[in-house]
Structures are given as C-alpha cells and as structure tokens.
Amino acid sequence: MASDANGIPELDQDKYDADEQVKIICLGDSAVGKSKLMERFLIDGYRPQQLSTYALTLYKYNTTIDRKAVLVDFWDTAGQERFQSMHPSYYHKAHACIMVFDVQRKITYKNLTNWYTELREYRPEIPCVVVANKIDADMKVTQRNFNFAKKQGLPLYFVSAADGTNVVKMFKETIKMAMSYKQNSSDFMDEVMRELEATCRPIILYLRKTISHRQPAP
Ligand SMILES: Nc1nc2c(ncn2[C@@H]2O[C@H](COP(=O)(O)OP(=O)(O)OP(=O)(O)O)[C@@H](O)[C@H]2O)c(=O)[nH]1
Ligand SMILES: [Mg+2]
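Residues numbered from 1 in each chain as written. Chains lettered and ligands numbered in written order. Predicted model: local features only at pLDDT ≥ 70, side-chain atom pairs only at ≥ 80, totals over all residues. Heavy atoms only, no water.

Throughout the structure, instances matching the rule amount to 13 aromatic pairs. Between F41 and Y61, the ring centres sit 4.8 Å apart and the planes meet at 55°, which makes this aromatic pair tilted. With F41 in helix α1 (residues 34-41) and Y61 in strand β3 (residues 56-65), the pair connects residues that are 20 residues apart, well separated along the chain. One exposure class covers both F41 and Y61, and it is buried. Through pairs of rings, three or more aromatic residues link up here, namely Y16, W75, Y90, Y91 and Y122. (Phe/Tyr/Trp six-rings, centres within 6.5 Å; stacked < 30°, edge-to-face > 60°. Helix = DSSP H or I, 4+ residues; strand = E, 2+ residues; numbered from the N terminus. Buried < 20%, exposed > 50% of the residue type's maximum accessible area, 1.4 Å probe, protein only.)

Following this line, the structure appears as structure tokens:
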C-alpha cells in the first residue's frame, strides 16, 4: 500500500520512524464497533480522513507524553476485514494494536484467534489489547470469563462506545504502551540483523564450499 501511495503523505509510513509519531492499528470483525470507539475517544474534534481507495480511515490525535508532543495515527479499516485478512501494509510499522470483539456476538470473540495469528505474523512483539465492546447492552457480561486474553497474556478492557465506559482509559493506556514499545523495541536492530544475515549467507556458503574442496597439503 505504501508503495502505491505516491502523493498521499498520510500513507508515507517512513514518518513512523520519527520519535514523535506513533501508529496504532485496530482489528476485529465487521460491526464490532471499531469506528464508534475511535469516534467516542476523539469526540472533541476528531478529523477522520477517509482513504476509500485503500479501504482505510486514519484518525489523528495529538497528545503530550512526558512533556513531549506526540502525534498518534489510529488506523481503522473500512471494510477490508470482511475478507478476514488485512493488507500487509496495514501492519507495517505499527506500534500497538487494539483488537475488538462484540460481547453480543460470540463469533466475533472466536475470530479473535484468527486476527491475533495474523497480527503476530507481521508484528510479533507489539503490545496488543483485547477490547470487549457493547457492554451497555448487558452489563452482566463483565462477570463472564473471556479466557482468550488471559491465555495470551493480553490486557482485557470491558468498554462501551455507546456510553463511553472505559473508552478513554483503554485508549490512553494503549498509547502509553505504543510509546514505550517504540522507545524500547529492538525493531531496528532486528531489521539490521536480518539484512546482514541475508547479505552474508552466500559468502559464508561459498567459503564453506571452498574450504571443503581444498586438498590437504602434502
Ligand atoms: N449498543 C452498542 N452499539 C454499538 C456500540 N459500538 C458500536 N455500536 C453499534 O454497532 C454498529 C457497528 O459499529 P461500527 O463502529 O460501525 O463498527 P465497525 O467495527 O467499525 O464496523 P465496520 O466498519 O463495518 O468494520 C453500529 O450500529 C453502532 O452504532 C456500543 O458500545 N454499544
Ligand atoms: Mg468501521
């Protein structure tokens, strides 16, 4: 996506290398409330930017962390999740993930496993939170055990985009996790090591071959 995005600065993902830029993605089945959650959090003056060609909406949020201005880009799908899989560039350089299900629809909870597997394929280390949305419809669900989060060691938030319960708390904590990941991750070194390995492998193979073909000295 980034490479076809010539001329659309919002899709230039190199900007996420800068200290003050964070990318947070949102995953989950259709109609679980992903967009409503964003809108609820950014209720005062959110500026969603719909990029329909890319089945994507970007929500921008300015905040201050440790007295430093930070710009958060929330990436929200616009229908791509119906195909049960996202374009790889959706995951590219993401610093955290918000994974949402609808407490009223069991299938959306079951599908978290698929979303999580795909997320880890592309971003093995980034912080991820599980969000049980629509608790306003039946508060009793907060007593239920949703073991997926516990099993994976992920934080679980019971929220309602409709009445706002826990929405700000969940977003603020996720932003902090994203920043902390960005400051401490070994992403960059991993990339360097992978490049080095790929470059050096043919040389090592060649050397091994040459040495093994050498005749012992008389
Ligand atoms: N009762 C209740 N309804 C909600 C809540 N959040 C979202 N909804 C409703 O659920 C429906 C889907 O919400 P969206 O935010 O559009 O869901 P989405 O996950 O963005 O859906 P797609 O963009 O199609 O993937 C809408 O009719 C919302 O009004 C909630 O907390 N409580
Ligand atoms: Mg949506």
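A separate point is the side chain of R123. Take R123: it is sitting in the loop between α4 (112-122) and β6 (128-133). Among the polar contacts made by the side chain of R123, one reaches the main-chain carbonyl oxygen of A94 at a distance of 2.9 Å. (Polar contact = N/O pair within 3.5 Å; in protein donor to acceptor, adjacent residues only side chain to side chain.)

This next bit is on the confidence of the model for the chain. Mean pLDDT over the chain: 84, with 80% of residues reaching 70 or higher. When the elements of the chain are averaged for pLDDT, strand β2 (residues 49-51) gives the smallest value, 60, and β6 the largest, 98. Our summary of model confidence lists the complex with pTM equal to 0.81 and ipTM equal to 0.99. (pLDDT = per-residue confidence, 0-100.)

So, about the pattern of salt bridges. Tallied over the entire structure, the rule returns seven salt bridges. Residue K60 is joined to D73 by a salt bridge in which the shortest nitrogen-to-oxygen separation is 2.9 Å. Here the residue K60 occupies a position in strand β3, and D73 occupies one in strand β4 (residues 68-77), the gap between them amounting to 13 residues. Across the pair, exposure class does not vary: K60 and D73 are buried alike. Between D102 and R105 there is a salt bridge; the shortest N-O distance is 3.2 Å. Since its relative accessible area comes to 3%, D102 is described here as buried. Using a relative accessible area of 31% as the deciding quantity, one classes R105 as partly exposed. Taken together, the shared-partner salt bridges connect K15, K60 and D73 into one network. (Salt bridge = Lys/Arg side-chain N within 4 Å of Asp/Glu carboxyl O.)

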